[in-house]
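# Structure assessment
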Amino acid sequence: MHDPAALTVAWDRVAGNRGANTPGVDGKTVAYVEERVGAREFLADLRAQLKEGAFVPLPVRERKIPKPGGSGKVRKLGIPALADKVVQAALKLVLEPVFEADFEPVSYGFRPGHRAHDAIAEIHKFGTHGYRWVLDADVEAAFDNLSHSFVMGRVRGRVKDKRVLALVKAFLKAGVLTETGQRESSHTGTAQGGILSPLIFNVAMSALDEHLHAPWKPGGVMATRSKRGWRQAKGQPNWRIVRYCDDFVVLVHGTQADAQALREETARVLARMGLRLSEAKTQIVHMSEAFDFLGFRIQWKRKRGSAAWHVYTFIGDRPIRSLKAKIRALTYRTSQQNPSSVLIRLNLIMRGWAGYFRHAVCKHTLGKLANFAWWRVIRWLRTLHRWRWKDVRKAFTTPDGRWKPITAGKVELFNMATVPVTRYRYRGSNIPSRWVPNPA
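So, here is what we can say about the structure in this document. (Residues numbered from 1 in each chain as written. Predicted model: local features only at pLDDT ≥ 70, side-chain atom pairs only at ≥ 80, totals over all residues. Heavy atoms only, no water.)

## Topic: the overall build of the protein
Helix and strand counts for the protein stand at 15 helices and 13 strands. Its C-alpha atoms put the protein at 75 × 70 × 45 Å along the principal axes. Burial status across the protein gives 45% buried among its 440 residues. Summed over its atoms, the accessible surface of the protein is roughly 23200 Å², and 51% of this surface lies on carbon and sulfur atoms. For the protein, the distance from the average site of its 73 positive side-chain charges to the average site of its 37 negative ones is 9 Å. (Helix = DSSP H or I, 4+ residues; strand = E, 2+ residues; numbered from the N terminus. Buried < 20%, exposed > 50% of the residue type's maximum accessible area, 1.4 Å probe, protein only. Areas by Shrake-Rupley, 256 points an atom, 1.4 Å probe, with all protein chains shown as cover. Lys, Arg positive; Asp, Glu negative; His and termini not counted. Charge placed at Lys NZ, Arg CZ, Asp CG, Glu CD.)

## A few points about the pairing of strand E11 (residues 309-315)
Here is the key point about a regular strand: its side chains alternate between the two faces of the sheet. Across the 7 residues that make up E11, a large majority, 5, are buried. Summarising the sheet, strand E10 (residues 296-302) and E11 pair through 7 bridges and their orientation is antiparallel. Within E11, the residue paired with Ile298 across the bridge is Thr313. Counting the residues in the hairpin turn of E10 and E11 gives 6 residues, including Gly305, whose phi is positive at 85°. (Pairing = 2+ DSSP bridges.)

## Thoughts on helix H9 (residues 197-213)
For H9, built from 17 residues, the straight-helix expectation of 24 Å at 1.5 Å per residue is met to within 8% by its first-to-last C-alpha distance of 24 Å. Largest kink in H9: about 35°, centred on Met205. A large share of H9 lies buried, amounting to 15 of its 17 residues. (Expected span 1.5 Å × (residues − 1). Bend = angle between axes of the 7 residues up to and from the residue.)

## Considering the sheet that holds strand E3 (residues 133-138)
Taken together, 4 strands build an open sheet; the order of strands is E6-E7-E3-E8 and the sheet is antiparallel. Edge positions in the sheet fall to strand E6 (238-244) and strand E8 (283-286), since each has one partner strand and no second. Each strand of the sheet is rotated relative to its neighbour by a mean of 20°, with strand direction disregarded. In this structure, E6 lies alongside strand E7 (residues 247-253), joined through 7 bridges in antiparallel fashion. Opposite Arg243, over in E7, you have Phe248 as the bridge partner. Contacting E6 and E7, helix H5 (residues 116-128) runs over the sheet at an angle of about 165° to E6. Of the strands in this sheet, E3, E6, E7 and E8 are in contact with helix H11 (residues 256-272), which crosses E7 at around 145°. (Axes fitted to C-alpha atoms, helices over the stretch in contact; angles between N-to-C directions. Contact = heavy atoms within 4.5 Å.)

## Overview of the pattern of salt bridges
Evaluated as defined, the whole model comprises 12 salt bridges. Between Arg154 and Glu210 there is a salt bridge whose closest N-O contact spans 3.0 Å. Of this pair, Arg154 sits in helix H7 (residues 148-156) while Glu210 sits in helix H9; the two residues are 56 residues apart in sequence, bridging distant segments of the chain. A relative accessible area of 23% places Arg154 in the partly exposed class. (Salt bridge = Lys/Arg side-chain N within 4 Å of Asp/Glu carboxyl O.)

## Quick word on the packing of H7 against helix H8 (residues 162-172)
Look at H7 against H8: their axes get within 11 Å of each other, and the N-to-C directions meet at 160°. What the angle tells us is that H7 and H8 run roughly antiparallel. Where H7 crosses over H8, the handedness of that crossing is right-handed. Contacts between H7 and H8 involve His148, Val151, Met152, Val155 and Arg156 on the former and, on the latter, Leu165, Val168, Lys169 and Leu172. Here the contact of H7 with H8 is composed, by residue class, of 6 nonpolar, 1 polar and 2 charged. (Parallel < 35°, antiparallel > 145°, perpendicular 65-115°, else oblique. Left-handed = near helix turned anticlockwise from the far one by under 90°. Nonpolar A, V, L, I, M, F, W, Y, C, P; charged D, E, K, R; others polar.)

## What to know about the side chain of Glu104
Within the fold, Glu104 resides in the loop between helix H4 (82-100) and H5. One polar contact links Glu104 to Lys217, side chain to side chain, over a distance of 3.1 Å. (Polar contact = N/O pair within 3.5 Å; in protein donor to acceptor, adjacent residues only side chain to side chain.)

## Side note on the nonpolar core
If you look at the biggest cluster of nonpolar residues, it comprises 121 residues, and the most contacted ones within it are Phe248, Met273 and Met416. When near neighbours in sequence (up to four residues on either side) are disregarded, Met273 contacts Asn145, Leu146, Ser147, Phe150, Ala204, Met205, Ala207 and Leu208. (Core = buried A, V, L, I, M, F, W, Y, C linked by side-chain atoms within 4.5 Å.)

## Observations regarding the sheet that holds strand E9 (residues 291-293)
Taking strand neighbours across the sheet as the criterion, the 3 strands line up as E9-E10-E11 in an open arrangement whose pairing is antiparallel. Each having just a single partner strand, E9 and E11 make up the two edges of the open sheet. Put simply, the sheet's adjacent strands are angled 30° from each other on average, direction ignored.

Okay, structure coming up:
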């Protein structure tokens with residue numbers, strides 16, 4: 001933990017993070033330390049504290065942000081102090097290889113080399129092969145209610161170094177400094193916003209993965225295709241969990257009653273962690289009714305013009321509404337912002353959004369959104385420059401009457417309709433790992 005090389009790598013990762021200049025309760029940022037203290041001196045002092053066992057984490061600074069979807073609810077983030085960020089990054093360097101070797105292949109969230117698209121591809125694959133009853137689970141306040149004793153039990157099962165265990169526990173118990181300036185103790189949960197939090201949460205939730213994935217292990221009752229076929233012939237269900245951090249679904253090849261039984265079994269496993277399923281948001285649906293997962297809407301439906309049924313992945317309604325809201329906010333008609341700056345920000349948002357969703361069935365949707373963005377920018381520019389329609393045509397058409405891309409200075413408005421839509425290929429157990437050798 002106090003190895004100089006590990007602390008240097010940890011510092012570099014913190015400095016390269018988007019939150020590098022977001023201070024915790026200590027008020028320090030990476031830029032402040034580099035200018036006033038020096039990174040080398042800061043790390044030397046931190047190393048001395050770790051060697052002597054004198055390091056004590058500070059409370060995280062609470063910051064509330066609105067949850068997506070316009071529900072009015074907020075998500076609580078906990079911003080650690082700068083020294084705590086560095087120690088958490090160093091702890092992650094130590095712990096991640098240990099637990100990555102044990103994680104099941106059905107977990108995709110916040111893991112090196114894993115993507116949300118891998119989880120969607122797995123749902124697509126198993127839905128195509130008959131797993132069409134879905135337990136669409138929502139864990140209520142998962143990061144806030146996680147049992148510390150359960151987490152520490154899971155960590156102790158793989159880590160024996162008492163100094164590392166003490167640091168993990170200290171971060172869990174560090175407390176919170178609320179936005180009103182009050183100090184609150186942490187009896188449960190792990191603060192969202194910390195570098196270590198996603199790994200700690202995955203360590204806890206891997207207990208659910210292991211429980212529901214155990215039949216797929218060698219020797220298990222679902223380990224081979226023939227065993228799964230035998231169970232189907234006997235009227236017994238098969239299932240597969242797909243998890244992305246605290247979002248997960250259980251796909252069931254069976255009946256609605258089988259999915260309900262798995263819901264109850266899942267609730268019992270979560271109860272050991274101090275967690276519970278949200279009664280309002282957790283549902284059992286058939287894939288033909290469609291369900292949303294990680295921004296995508298997945299549905300088993302008949303292909304237009306044929307009698308064949310397939311599993312389709314569309315873009316969910318909420319991400320589309322969110323994108324439109326961001327475009328509207330940047331192109332408000334009375335806005336006096338510099339057009340080049342607006343186009344740069346619009347392009348960043350639309351490129352990232354289209355890049356994430358380009359593996360869905362979305363060619364028509366991207367075209368409609370490109371048209372929406374074009375009209376929003378045109379209407380804003382007309383108001384900004386007091387143009388009439390003939391002025392717009394003069395600015396953005398060629399001499400032969402063809403429309404040119406909207407430009408401001410050297411910046412051109414990104415056209416989402418030009419994004420190539422491709423199928424994301426299922427990788428399954430072939431996802432490369434830095435720490436686990438691929439089977440030959």
